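Here are the chains, one letter per residue:
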Amino acid sequence: AGLLTFDPGYANTGSCQSGITFVDGEKGILRYRGIPIEQLAEKSSFIETAMLLIFGKLPTAEERTAFRTLLSEHELLHEGLLHHFDGFPPGGQPMAILSAVINSLGNYHPELLEIQNMDTFTKAVAKLVSKVRTIAAFSYRKSLGLPFMYPDPNLSYCRNFLHMMFSMPNRDFEPTPQAVSALSLFLVVHADHEQNCSCSTVRMVGSTQANLFASVSSGICALWGRLHGGANAAVIEMLEQILSGRHRVKSYLDMVKRKERRLMGFGHRVYKNFDPRARVLKKAAHELVMQSGGNDPLMDIARELEETALSDDYFKSRKLYPNVDFYSGIILRALGIPVNMFPVMFAIGRMPGWIAHWREENRDPTTRIHRPRQIYIGPPRRPYVPLDQR
Ligand code: CMC
């Protein structure tokens, strides 16, 4: 034990070697496979970015079309899988439904439980990337008691999702092109973030040689918490409390400084100057709110909260800045997505990252089962006491 380094939260442990995503927290740099996030946010689509992360390079036009076709082929769920939705109570948590159904998905495709070659891998990728969106939308419909709206193979990835969420049997939902682009951008900036908690979970589970479906399902569970993917919903709750007059910006920040609560959507383990994703999303949130009527009172509160916090020594000295979750909820609200679906939206975006990391881990000959050590602080050796003597 003398040789062990105690590293709570693994803040100083490099758990793997990775060639997928580069983060420089001091300079606020994020790149997927070398390409800056700002360029991807401006020029790429979610599917292209997913291919970049998973297959290592930007696709050619033919590759992209072939992959889009594959996604359409795999967008439907096996009818047997639909029964899983009935096992959840009304108002069941969409994250629970998502992780359970994704895990079960592997059972419907036993030939994909062992990834043998590029062909089986590509099929598993197409199923996961395409079906995570269908399952997410169905979990929402189920939570409202609405009939499932099946995917339409003629629609783009993001439009198709909005169609499954919001169309009715007698009325097609027609999102604006701006709404579709904002959703794509949201998914692009969430697509990977190196060894965050859910990615590390996927890698850890994968290191036991558990299958891809089980591994990403565990990633969804890790993402669920308020300190990770649940933060986007927690931000909206916080902003709504301020809007309702229960707290004012200043009194809220005072509570944070007394450590009675955290400023949600602020702070990051790695970024210590700014989170480049927050910058991209702040601009996009502003544009989308302006386009859709120009008014979301939560946007004004978010701005005021950010400005006040950034000029306060408590936050300055701890290098706390808005993270990806601070403005993302404003975009999701403008798209009409309810707050209990926010972490699910994060999961749809993060799926390519999880898959890319699982694959990297799985193919790396130096991979060993993840098995951290501990510093034991329990009782020393003591004898067993028979029941009648306790
Ligand atoms: N509000 C108030 N104080 C904070 C916050 C915050 N959001 N974040 C960190 N601190 C303080 C913390 O109290 C500590 O202060 P002190 O030194 O006085 O004890 C100091 O800053 C360092 O904090 P830490 O908890 O050691 O930092 P960490 O690297 O372990 O935690 C974090 C990172 C993201 C979990 C944390 O900043 C946090 O809880 N943020 C709020 C939740 C959130 O927005 N999560 C989303 C993260 S980004 C995307 C994602 O992963 O989903």
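All figures in this text were calculated on a predicted structure; none of them were measured in a lab. (Residues numbered from 1 in each chain as written. Predicted model: local features only at pLDDT ≥ 70, side-chain atom pairs only at ≥ 80, totals over all residues. Heavy atoms only, no water.)

**Q** Before we move on, could you go through the UniProt feature "active site" (unreviewed entry) in the chain and cite the residues and values that matter?
**A** Mapped onto this numbering, the UniProt entry gives "active site" (unreviewed entry) at H268 and D325. A stretch of 58 residues holds the annotated residues, and the largest C-alpha distance among them is 10.6 Å, short enough that they meet in one place. As for its placement among the helices and strands, H268 is situated in the loop between helix 12 (249–257) and helix 13 (276–291). Not counting residues within four places of it along the chain, the set of residues in contact with H268 comprises H193 and R277. At 2.9 Å, the side chain of H268 and the backbone nitrogen of V270 are in polar contact. Inspection of the secondary structure puts D325 in helix 16 (residues 324–334). For D325, a relative accessible area of 5% corresponds to the buried category. Each residue touching D325, except ones within four places of it in the same chain, is listed here: H190, H228, A231, N232, V235, G265 and F346. (UniProt positions renumbered as here; feature names shortened; annotations may be inferred. Helix = DSSP H or I, 4+ residues; strand = E, 2+ residues; numbered from the N terminus. Contact = heavy atoms within 4.5 Å. Polar contact = N/O pair within 3.5 Å; in protein donor to acceptor, adjacent residues only side chain to side chain. Buried < 20%, exposed > 50% of the residue type's maximum accessible area, 1.4 Å probe, protein only.)

**Q** Can you lay out the packing of aromatic side chains for me, pointing to particular residues and giving the numbers?
**A** Taken as a whole, this structure holds 13 aromatic pairs when the rule is applied. When the ring centre of Y314 is taken as reference, the NZ or CZ atom of R318 above it lies at 3.8 Å. R359 extends its terminal NZ or CZ atom over the ring of F121, reaching a point 4.2 Å from the ring centre. (Phe/Tyr/Trp six-rings, centres within 6.5 Å; stacked < 30°, edge-to-face > 60°. Lys NZ or Arg CZ within 6 Å of the ring centre and 35° of its normal.)

**Q** Explain the sheet that holds strand 2 (residues 29–32) residue by residue, including any values.
**A** Strand order across the open sheet formed by 3 strands is 1-2-3, with antiparallel pairing between neighbours. The two strands at the open ends of the sheet, each matched to only one other strand, are strand 1 (21–24) and strand 3 (35–36). Taken together, the 2 bridges between strand 2 and strand 3 define a ladder with antiparallel strand orientation. Bridging from a neighbouring strand, Y32 pairs with I35 of strand 3. (Pairing = 2+ DSSP bridges.)

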